[in-house]
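Inside the fold
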Amino acid sequence: MSEIVNMHQAKTTLSRLVQRALAGEDVIIARNGKPLVRLVPVPVNQEPRVPGRSKGRIWISPDFEFTDAEIDDFERPL
């Protein structure tokens, strides 16, 4: 369930809104009735990027760098 609150209400009840977002509720902050932002918790266990994790899973065709003659001959307008 999501709760939409206006900017003024969000300023005065920020602690309560943060607690609700941490509990898994969807909290949306609006201005003049138009939704602007969603309040969500930051992921705690974000794993660092590991280079080479997809090694051996990706295949690139040997002719990948070659293009069709039609594309090579294309003249771009100024």
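Report on the accompanying structure.

Across the sheet, 3 strands lie side by side as β1-β2-β3; this open sheet has mixed pairing. Edge positions in the open sheet fall to β1 (2-6) and β3 (34-39), since each of these has one partner strand only. Averaged over neighbouring strand pairs, the angle between their axes works out to 30 degrees when direction is ignored. For β1 and strand β2 (residues 26-31), the ladder comprises 5 bridges, and the chain directions are parallel. Residue pairing across strands places Ile4 opposite Ile28, the latter belonging to β2. Contacts from helix α2 (residues 14-22) reach β1, β2 and β3 within the one sheet, and its direction differs from that of β1 by about 160 degrees.

This part covers the environment of Gln9. Checked against the element boundaries, Gln9 lands in helix α1 (residues 7-12). Owing to a relative accessible area of 30%, Gln9 belongs among the partly exposed residues under this scheme. Taking C-alpha positions, Gln9 is 8.9 Å from Ile29, a pair spaced 20 residues apart along the chain. Look past the residues within four positions of Gln9 in its chain and what remains in contact with it is Glu3 and Arg16.

This brings us to the pattern of salt bridges. Under the defined criterion, the tally for this structure stands at 4 salt bridges. Of the charged contacts in the structure, one is a salt bridge between Glu3 and Arg20, with a shortest N-O distance of 2.5 Å. Placement of the pair is Glu3 in strand β1 and Arg20 in helix α2, with a sequence separation of 17 residues. Residue Arg20 is classed as partly exposed on the basis of its relative accessible area of 22%.

Scoring rules and cut-offs
- Residues numbered from 1 in each chain as written.
- Predicted model: local features only at pLDDT ≥ 70, side-chain atom pairs only at ≥ 80, totals over all residues.
- Heavy atoms only, no water.
- Pairing = 2+ DSSP bridges.
- Helix = DSSP H or I, 4+ residues; strand = E, 2+ residues; numbered from the N terminus.
- Axes fitted to C-alpha atoms, helices over the stretch in contact; angles between N-to-C directions.
- Contact = heavy atoms within 4.5 Å.
- Buried < 20%, exposed > 50% of the residue type's maximum accessible area, 1.4 Å probe, protein only.
- Salt bridge = Lys/Arg side-chain N within 4 Å of Asp/Glu carboxyl O.

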